[in-house]
Amino acid sequence: MSHTAADTEPAQPPPADDHAFFGQPRGLMTLSGLEVWERFSFLGMQAILVLYFADTVANGGMGMEAGTAASVSAAYGTLVYLVSVAGGWLADRILGSYRAVLYGGILIACGHYAMAVPTNAMTWVGLGLISAGTGLLKPNVATMVGKLYRTDDERRDAGFALYYMGINIGAFLGPLITGWLGDHASWHWGFSAAAFGMTLGLIQYVAGRRHLAGRKHAAEYALAPGPMRRAVLLIVAGAVVVAVVATALALAGWLTMDRFVDVLTLISVIAPVVYFVVMFRSPRVTAEERGRLRPYVVLFLASVVFNFILFQAYSTMMLLASTNARTEIFGFHFPASWYASALGAFEVLLAPVVAAVWARMGPRQPHASNKIAIGVILGGLSFLLMVLPTSGHTGDTYKMAAWWIVGSYLLLGLGDILLETSGMSATTKLAPQAFASQTMALWFLSLALANGIQAQIVKLYGEVSNPAYFGVNGAVAVVAGVAVIAAAPWLRRTMHPVH
């Protein structure tokens, strides 16, 4: 049997003297470039998705009510992160990280091209393909970044900082391009731009593959040939059965859009509960590890609360911006979807500042649990801020100044930096050793649950007043953050070795 070069490449990181990309391994440029374009396509599309759903059919939209449009958009996010849990397992056991990311990128590109076709049916096909593709790509790119470094390589943290900057650059640029096309041409031209961006990402990923450490066709923890064949057959058969049953139920009139959203929300609630029960009861988890799981449940719930607010930056906040915010700054007019770019811009600008502050504070910096709590509070304040410009109006025709939404995104972006970095670090340190390879799955389940809850709550948008909607949701988040701070003494005692 012949072997390609990829089959025989060692699974070792490149030499420590590889400093070709800003002092980092060359493979980081390949992976960061891929993430720039993946986020460009994903968030560029998401910035206009809810507006496309809510726009009238005459204008090329789908004519949904505002609350329904936000709910369906959230359900799509729920599906993406639920599939991401399976994506990590597929890479570990069957595909390998390189192929999982490659196939995922191809599915994403095909999904965006499908959405460029101006029919409702192709919109749903496209969203399905993007969900599957993102589920394969997203959990495995960060893993590949980690493989670029040896365990004792001091460049690792700086490398991940560059990698996340690439993510936020894509988050900034995507809505600018897709939003302009959606506003000046058509929504489907915006989706075409997302497709083009993902295609560019795939090209540079394949072109730079020789710089990726440990790239080989086999999965790192591959199943034996027999179990692998059975697993593949079960996956394919399961997908076919689900598709057939769903189609039959839809044709029979039972599986409506509302019920599909409800099913996804239910799964997003059940999955993490089952995951935690399995870990708490597993004989492979020691008593000490079980003790560290309890504080992690608190941080997991804090992540859910914050991301419930964060994800609405691309749903209810987009709807509010499109109807009740001025799309003009200093005489310059722009599409409402451009507000979404502010979030990426603030994270690019603030991340180095936050890192410098923590470095300067050294051992005096807040405990990880307090950083997460502050992030949750900032998320809540970003919503409470919106109570001010939406209050005191007799109708819904008012227009608030652009700075209100920009200010809300500033608070949200800072909160995201505080919570995501500390939360991911805590996840890797607090997870039991027997479940260490599944730590990303835990984090994605918190994002899936946040979207699942959002899919239900956003149905109230447009049914209750805007001050009530943003005020209540924001207040709940602030109270949750304060509760985590109140629990700080217990969290500090039980979260060792997290500082």
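Residues numbered from 1 in each chain as written. Predicted model: local features only at pLDDT ≥ 70, side-chain atom pairs only at ≥ 80, totals over all residues. Heavy atoms only, no water.

### Observations concerning the overall build of the protein
Working step 1: For the protein, the count of helices and strands is 18 helices and 2 strands.
Working step 2: Over its C-alpha atoms the protein spans a radius of gyration of 22 Å, differing by no more than 12% from the 23 Å that the globule rule assigns to 499 residues.
Working step 3: The buried share among the 499 residues of the protein stands at 51%.
Working step 4: Taking contacts inside the protein between residues at least 6 apart in sequence as the whole, the part at least 24 apart equals 82%. (Helix = DSSP H or I, 4+ residues; strand = E, 2+ residues; numbered from the N terminus. Rg over C-alpha atoms; globule rule 2.2 N^0.38 Å. Buried < 20%, exposed > 50% of the residue type's maximum accessible area, 1.4 Å probe, protein only. Contact = heavy atoms within 4.5 Å.)

### Notes on the pattern of salt bridges
Working step 1: Under the defined criterion, the tally for this structure stands at 4 salt bridges.
Working step 2: A salt bridge links Lys-138 to Glu-35, with the shortest nitrogen-to-oxygen separation between them at 3.1 Å. With Lys-138 in helix 5 (residues 120-146) and Glu-35 in helix 2 (residues 26-54), this residue pair connects regions lying 103 residues apart in the sequence.
Working step 3: The closest approach of N and O atoms between Arg-292 and Glu-288, which form a salt bridge, is 3.2 Å. Residue Arg-292 and its partner Glu-288 are both found in helix 10 (residues 287-310); the two are separated by 4 residues, about one turn of the helix. (Salt bridge = Lys/Arg side-chain N within 4 Å of Asp/Glu carboxyl O.)

### Some details on helix 9 (residues 257-281)
Working step 1: Between its first and last C-alpha, helix 9 extends 36 Å over 25 residues, near the 36 Å set by a 1.5 Å rise per residue.
Working step 2: By the burial criterion, the buried members of helix 9 are Val-261, Leu-264, Thr-265, Ser-268, Pro-272, Tyr-275, Phe-276 and Met-279. (Expected span 1.5 Å × (residues − 1).)

### Re the packing of aromatic side chains
Working step 1: According to the stated counting rule, one finds 20 aromatic pairs in the structure shown.
Working step 2: Between Tyr-98 and Tyr-205, the aromatic rings sit 5.1 Å apart at their centres with planes inclined by 20°, giving stacked as the arrangement. Highlighted residues: Tyr-98 in helix 4 (residues 97-115) and Tyr-205 in helix 7 (residues 187-207), separated in sequence by 107 residues.
Working step 3: Relative accessible area serves as the criterion here: at 8%, Tyr-98 is assigned to the buried category.
Working step 4: Within the aromatic cluster, the residues linked to one another by ring pairs are Tyr-52, Phe-53, Trp-124 and Phe-191. (Phe/Tyr/Trp six-rings, centres within 6.5 Å; stacked < 30°, edge-to-face > 60°.)

### Let's talk about the side chain of Asn-466
Working step 1: Of note, Asn-466 is situated in helix 17 (residues 466-486).
Working step 2: At 3.4 Å, the side chain of Asn-466 and the side chain of Tyr-398 are in polar contact.
Working step 3: In this structure, Asn-466 is in contact with Leu-320, Asn-324, Thr-390, Tyr-398, Tyr-461 and Gly-471, ignoring residues within four places of it in sequence. (Polar contact = N/O pair within 3.5 Å; in protein donor to acceptor, adjacent residues only side chain to side chain.)

### Overview of the confidence of the model for the protein
Working step 1: With 91% of its residues at a pLDDT of 70 or more, the protein has an overall mean of 87.
Working step 2: Low pLDDT, under 50, characterises residues 1-11; the stretch is placed with 12 contacts to residues that sit more than four places away or in other chains. (pLDDT = per-residue confidence, 0-100.)

### Digging into the nonpolar core
Working step 1: In terms of nonpolar packing, the biggest core is built from 101 residues, with Met-45, Phe-53, Tyr-339, Ile-405 and Tyr-409 touching the most fellow members.
Working step 2: In this structure Tyr-409 touches Ala-313, Met-317, Met-318, Tyr-339, Ala-340, Ala-342, Leu-343 and Phe-346, once residues within four positions along its chain are discounted.
Working step 3: With 23 residues, the next largest nonpolar core counts Leu-137, Ala-142, Val-145 and Tyr-205 among its residues. (Core = buried A, V, L, I, M, F, W, Y, C linked by side-chain atoms within 4.5 Å.)

### Remarks on a nonpolar patch on the surface
Working step 1: Together, Leu-266, Val-269, Ile-270, Val-273, Val-274, Val-277 and Val-278 line one region of the surface with nonpolar side chains, adding up to about 560 Å² of accessible area.
Working step 2: Mapped onto the elements of the fold, Ile-270 is located in helix 9.
Working step 3: For Ile-270, a relative accessible area of 43% corresponds to the partly exposed category. (Patch = residues over 30% accessible without salt bridge, like charges linked within 9 Å, V, L, I, M, F, W, Y side chains within 5 Å. Areas by Shrake-Rupley, 256 points an atom, 1.4 Å probe, with all protein chains shown as cover.)

### A closer look at helix 12 (residues 339-361)
Working step 1: End to end, helix 12 covers 33 Å across 23 residues, agreeing with the expected 33 Å (1.5 Å per residue, within 8%).
Working step 2: Along its length, helix 12 shows its largest kink, about 35°, at Leu-350, and proline Pro-352 lies within four residues downstream of that point.
Working step 3: Those residues of helix 12 that sit buried are Tyr-339, Ala-340, Ser-341, Ala-342, Leu-343, Gly-344, Phe-346, Glu-347, Leu-350, Val-354 and Trp-358.
Working step 4: In the stretch just after helix 12, Gly-362 is the one whose phi turns positive, near 60°. (Bend = angle between axes of the 7 residues up to and from the residue.)

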